Structure formats: C-alpha cells, structure tokens
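Architecture at a glance
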Amino acid sequence: MITDRSLGRRVFIAGNFTFLLLISFLCLMPIMHILAISFSSGAAAAAGKVSLWPVDFTTAAYDNVFGKPEYLRAFWVSIQRVLLGTALSMALMIVTAYPLSKDPRQFRLRTFYAWVFVFTILFSGGLIPTYLTVKNLGMIDTLWALVLPTAIPVFNVILLLNFYRNLPKELEESSRIDGAGHFKTLWKIYVPLSLPALATTGLFTVVGHWNSWFDGMLYMNHTENYPLQTFLQTVIIKMDFRFIKAEQAELMVKLSDRTSRAAQIFVAAFPILIVYPFLQRFFIKGIVMGSVKE
C-alpha cells in the first residue's frame, strides 16, 4: 500500500508538473511571438512567416524607437510620473485606508466617508468637467496633470483598509497603552505589517501609471511633455511622419506596421516584466487578505 501510494503520488506530481509547464509555455507564447516579430524584417512580419523565432533578424524597429531623442524624453517623463505618482498614491492610500478601517464607534463618520469613496467608483464627473478642473488649476502641460487626478485609486484603498481590518486589534491596543498616537501606530505597526498589501497596491499603481496614455494626450499640448505610452501611440501606432527625419527614411523601409507595434508592446511591457518578479511573492497574499471582510 505504501509503495502504491508513493507511486501514485509520483505520477500525480509528474502530471501536475507537466500540466503547469504547459500552461506556463502557453502564457509565454504571446510574449515570445511579439518579441520575434519585433526582431524580424518588415517583409517577413507582413507575410506572416514569424512564429516564435525571428525571421531575417534585424533591430530596425528598436533602432527606430531608441534612435529618437523624443523617445528618451518621453521615457524620462514616464519615469518621473511613475516615481512621483506611486509615492504620492501610496502615501494617500495609507492615510486614507487607516481611518476607514476603524470601527464606527472609533470613527463615527467612517461609514459615510466609505460610501463617498465607493460612489466615485460607480459615478464620475465625466471627461469634460475633469479636463476643465485640471485646466483651471493650471496643471495643463505639467506632470501634476498625470498624477493628481488619479492620486487615490479607490479600489486599492478598499484592498488596503480590509487588510488593516484583519490585523489583530491587540497590536493597536498595546501601542495605545504605551502612549503611541494614531500616526505612530500607523507608521510603526500597520505599515510594516501590511507589506504584502502595499506591494500589491503599489504594483497596481505602477502598472496603471506606466500603461496610461490617454491622459497624456488629453492634458499635454506639446509633444515634448508626452509620457512614453502617449508618445509610442502617436509615433509608432499612427506612424506620424512628422517625427521622421531624412536619415531615417532608409530605416523605415525595413519596418512594417506589425514590427513597429511589436516593438512598442515589448518596450512598454519590459519594465513591468522586470518589476513584477520582485513583488509576485506578496501579490497573492495581498489580494486574498485585502479582499476578505470580517
């Protein structure tokens, strides 16, 4: 019996490993296909000859992207946006979720404010009022226009406050007995213990800022202020020839719409592919504990 069980378990582990390996390969196939297209010639990509390996290997698509000073400027704008936007959002989410996680007996208007935040998920002022607000505040063509309108993502606040509510109440009671106030309790106890939730919401925030392109097109009147995604959408997807110089004409012959799109997708996804593995171990725990309400 023991031998049969061990044999059955070995078979199960082998089958499970094979199944997960197959699923992993299926998840990687689209990325490998896009990467192969981005390194293939325009003619091979347009003819549909590229699968998981480049055909007529060339870096023309990346030379076209990285060879522009406008691209480097847009990349720097996106880096600034991610750093400033993430830092601001995380700070505001922490100080917002903490009081909302309290019992109504401790914070009498807690339920009212919670519903105010939930209301903003269901209804918004609309595109035109938002634009007029940003314009009247003098934020057009500034980095603040890309950061402040989405500074407090309510979904992330809900995840964080539910995580706070699952922490033992005795920790706060003991800190209060020792003379700590709310701010000291928050930064000394709640924040260190909520690293999984903070890593999860931080990843959401970084991805949201990095992938956003429409607000850059909406609030920026000058192309030099475009973030990376807006620049790539304008220059690569639409193939705006205003940015193409005479010396780049030969390079454009080697390109096609498919190779340009593939390069744009991979360049946009690469920073997140680098960041995600470092935060992945916190991701599931942060999502599960932040989505459960006692």
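Our structure is the block above this text.
Since this is a predicted model, take the numbers as computed values, not measurements.

Secondary structure assignment for the protein chain yields 15 helices and zero strands. Counting only residues that meet the buried cut, the protein chain has 38% of its 294 residues in that class. Intrachain contacts of the protein chain at a sequence separation of at least 6 include 73% that bridge at least 24 residues. Accessible area for the protein chain stands at about 17,400 Å²; split by element, carbon and sulfur atoms hold 69% of it.

In this section: the side chain of T58. Looking at the secondary structure, you find T58 in the loop between helix 2 (42-46) and helix 3 (60-66). With residues up to four places along the chain from it excluded, the contact list for T58 reads S38, F39, S40 and S41.

Okay, the packing of helix 5 (residues 110-122) against helix 8 (residues 154-165) next. Axis separation between helix 5 and helix 8 bottoms out at 9 Å; the angle between their running directions is 145°. Contacts between helix 5 and helix 8 involve R110, F117, V118, T120 and I121 from the first element and V154, F155, I158, L161 and R165 from the second. Each residue belonging to the contact of helix 5 with helix 8 can be placed in one class, and the counts come to seven nonpolar, one polar and two charged.

About the thresholds
- Residues numbered from 1 in each chain as written.
- Predicted model: local features only at pLDDT ≥ 70, side-chain atom pairs only at ≥ 80, totals over all residues.
- Heavy atoms only, no water.
- Helix = DSSP H or I, 4+ residues; strand = E, 2+ residues; numbered from the N terminus.
- Buried < 20%, exposed > 50% of the residue type's maximum accessible area, 1.4 Å probe, protein only.
- Contact = heavy atoms within 4.5 Å.
- Areas by Shrake-Rupley, 256 points an atom, 1.4 Å probe, with all protein chains shown as cover.
- Axes fitted to C-alpha atoms, helices over the stretch in contact; angles between N-to-C directions.
- Nonpolar A, V, L, I, M, F, W, Y, C, P; charged D, E, K, R; others polar.

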